[in-house]
Amino acid sequence: MQPIQPETYGVPRTVPVPAQRSAAPAGGFAVVDVETTGLGRSDRVISAGVYQLDADGDVTDHWYTLVNPERDPGPVWIHGLTAELLSSAPTFPQIVDDFAARLENRVLVAHNALFDWNMISREFSRAGRRAPVEQRLCTMVLSRDLRLPLPNGKLSSLAAHFGVRQRHAHNALDDARVLAEAFRPSLHLARDGGVPLPLQNCVAVTDLGQDEPPAPGRSTWTGATYRQTKKRPPCPYPNPGRWEDGKPLVQGMRVAISGDTATDREVLEDRAVEAGLHIATSVSRLTSLLVTNDPDSWSGKARKAREVGTPVVGEDAFLQLLREVAPHPGA
């Protein structure tokens, strides 16, 4: 499950740090996928798959576990894990040592890695531990750096590009396998082409949220938090059109943000405005880009983006794009 990546005001939050573009450590990589009860700070991991790779991207081991979240499992129609199935699974504190052993001294690799890192880090925090991960690598970002001709940022598109067959989408072990098989040729392309790996430092997440019961008749899994829209001055630049993959953002582009984000939403929007972008409160044919950690969600913005073909990127990729926003051609 992709997701998002969550914060609210008045609580500790992760702070974006510059990408560290260097070679992978000798410990190799841990390719990870987690399925969760939802996308919010209080949501829980219900299954985890890890493929361990050496520094050359070759598989050395793999591991999978179900996890009893001790709460409603969320969107069963997506991940297929029912409360009955999970009731006999170990809780996260019972598997934390095994999970830590698979991650230690490795770069965490995931498709939309910020989401997986945040969910894993929070679970470790609940168990009184810190996830033994110092750096992560997002394969969505790496695919863009490699300029792979993908139609979108989905794992299925990356897999199809490298001829990797998905057997069971939204199964943590199979998604981790698919990503491991697609990451190995990506790693070799990066090395052969002199493309530095987009490594990001991992900051432990401790804002765990509260496991409050849902309001009657309301879904438990969206992870969305109400936030009053901040009034901002009009963007001084006209909209130059849609963002194109492989190119920089341009001042004046209309950017919408949907779902939970690891960076405080107001901070993320402030950074975009400071770069000369327009924050849109809805998605239309005029929207240049949608930023979401869950492109397949049923949120109104995500649905509209799919309907009108608005480009979509995850939060990690957006933070990198913000570092080099091109001046408006009329400026």
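Our structure is the block above this text.
This structure is a prediction, so every number in the text was calculated from the model and none was measured.

Asker: I would appreciate a short explanation of the overall build of the chain in the present structure.
Answerer: Per the secondary structure count, the chain includes 10 helices and 11 strands. Burial statistics for the chain: of 331 residues in total, 52% are counted as buried. In the chain, the share of contacts with a sequence separation of at least 24, taken over all contacts with a separation of at least 6, comes to 72%. About 14700 Å² of surface is accessible on the chain, with carbon and sulfur atoms providing 51% of the total.

Asker: Is there a simple way to explain the pairing of strand S8 (residues 254-258) in this structure?
Answerer: Regular strands place side chains that alternate from one sheet face to the opposite one. Counting buried positions along S8 gives 4 out of 5 residues, so the element sits mostly inside the fold. Relative to strand S9 (residues 278-280), S8 runs parallel, the two being bridged by 3 bridges. Residue Val-255 lies in a different strand from S9, and its bridge partner there is Ile-279. The pairing of S8 with strand S10 (residues 289-292) spans 4 bridges and is classified as parallel. Bridged to Ala-256 within S10 is Leu-290.

Asker: Even after reading the chapter, I still don't get the sheet that holds S10, so can you show me in this structure?
Answerer: Note: strands within a sheet are paired through backbone hydrogen bonds, in either parallel or antiparallel orientation. Ordered by their spatial adjacency, 4 strands build an open sheet running S9-S8-S10-S11, and the pairing between neighbours is parallel. Each having just a single partner strand, S9 and strand S11 (312-313) make up the two edges of the open sheet. Its contacts with the sheet place helix H8 (residues 265-274) against S8 and S9, and it is angled at close to 170° to S8.

Asker: Would you mind going over the nonpolar core with me for this structure?
Answerer: A general trend in soluble globular proteins is that nonpolar side chains are found buried together. Core analysis: the largest hydrophobic core is formed by 51 residues, its most contacted members being Phe-99, Ile-120, Phe-124, Leu-249, Leu-277 and Phe-318. Non-local contacts of Phe-99, meaning those with residues more than four positions away in its chain, are made with Ala-48, Val-50, Trp-63, Phe-92, Ile-120 and Phe-124. The next biggest cluster of nonpolar side chains, apart from the first, holds 25 residues, and it includes Leu-137, Leu-148, Ala-176 and Ala-190.

Asker: What's the story with the side chain of Thr-287 in this structure? I'm lost.
Answerer: With respect to the helices, strands and loops of the structure, Thr-287 is situated in the loop between S9 and S10. Classification of Thr-287 by relative accessible area gives buried; the value is 1%.

Asker: Just to check I follow, could you spell out the pattern of salt bridges for this structure?
Answerer: Charged atoms that come close allow side chains of opposite charge to pair. By the definition in use, this model includes 13 salt bridges. Of the charged contacts in the structure, one is a salt bridge between Arg-129 and Asp-97, with a shortest N-O distance of 2.7 Å. Highlighted residues: Arg-129 in the loop between helix H4 (113-126) and strand S6 (135-138) and Asp-97 in helix H3 (residues 92-103), separated in sequence by 32 residues. Under the relative-accessibility criterion, Arg-129 is labelled partly exposed at 35%. The partner of Lys-304 in a salt bridge is Glu-307, with the nearest N and O atoms 3.4 Å apart. Separated by 3 residues within a single helix, Lys-304 and Glu-307 lie in helix H9 (residues 300-308), roughly one turn from each other. For Glu-307, a relative accessible area of 57% corresponds to the exposed category.

Asker: Can you walk me through the packing of H3 against H4 in this structure?
Answerer: Two elements in contact, H3 and H4, have axes whose closest approach is 10 Å; the angle formed by their N-to-C orientations is 125°. Looking at the two axes, H3 sits oblique to H4. Seen from above, H3 lies across H4 with left-handed handedness. Where H3 abuts H4, its residues Phe-92, Val-96, Phe-99, Ala-100 and Leu-103 lie against Ile-120, Glu-123 and Phe-124. Classifying every residue of the contact of H3 with H4 by side-chain character gives 7 nonpolar, no polar and 1 charged.

Asker: Please clarify how the pairing of strand S3 (residues 45-53) should be interpreted in this entry.
Answerer: Counting buried residues in S3 gives 9 out of 9 residues, a clear majority hidden from the surface. With 8 bridges joining them, strand S2 (residues 29-36) and S3 adopt antiparallel strand pairing. Directly across from Thr-36, in S3, lies its bridge partner Val-45. As defined by bridge partners, S3 adjoins strand S4 (residues 59-66) across 7 bridges and the pair is classed as antiparallel.

Conventions and cut-offs
- Counting from 1, residues in each chain are numbered in the order their sequence is written.
- Note on the predicted model: pLDDT of at least 70 is required for a residue's local features to be given, and 80 or more for side-chain atom pairs to be given and counted; whole-chain, interface and lining totals, by contrast, use all residues.
- Excluded from the side-chain calculations are hydrogens and water; all other atoms, namely the structure's heavy atoms, are used.
- In this description a helix means any DSSP run of H or I spanning at least four residues, a strand means any run of E spanning at least two, and both kinds are numbered starting from the N terminus.
- Three labels apply to residues, based on accessible area from a 1.4 Å probe with only protein chains included: buried if under 20% of the type maximum, exposed if over 50%, partly exposed otherwise in between.
- Throughout, a residue-residue contact means that at least one pair of heavy atoms, one from each residue, lies within 4.5 Å.
- With residues, only the protein chains shown are counted as cover, and all accessible areas are computed by Shrake-Rupley using a 1.4 Å probe.
- Pairing between strands is defined by DSSP: at least two bridges between the two strands are required.
- With axes taken as lines fitted to C-alpha atoms, and helix axes fitted only over the stretch in contact, angles between N-to-C directions fall between 0 and 180 degrees.
- Within this scheme, the nonpolar core is defined by two criteria: the residues are buried Ala, Val, Leu, Ile, Met, Phe, Trp, Tyr or Cys, and they are joined through side-chain atoms within 4.5 Å.
- By definition here, a salt bridge exists when the distance from a side-chain nitrogen of Lys or Arg to a carboxyl oxygen of Asp or Glu is within 4 Å.
- Geometric relationships in this document are graded by angle, where less than 35 degrees denotes roughly parallel, more than 145 denotes roughly antiparallel, 65 to 115 denotes roughly perpendicular, and other angles denote oblique.
- Handedness of a crossing is defined here by the sense of rotation of the near helix relative to the far one, left-handed for an anticlockwise turn of less than a right angle and right-handed for a clockwise turn.
- Just so you know the grouping, Ala, Val, Leu, Ile, Met, Phe, Trp, Tyr, Cys and Pro go in nonpolar, Asp, Glu, Lys and Arg go in charged, and all remaining residues, Gly too, go in polar.

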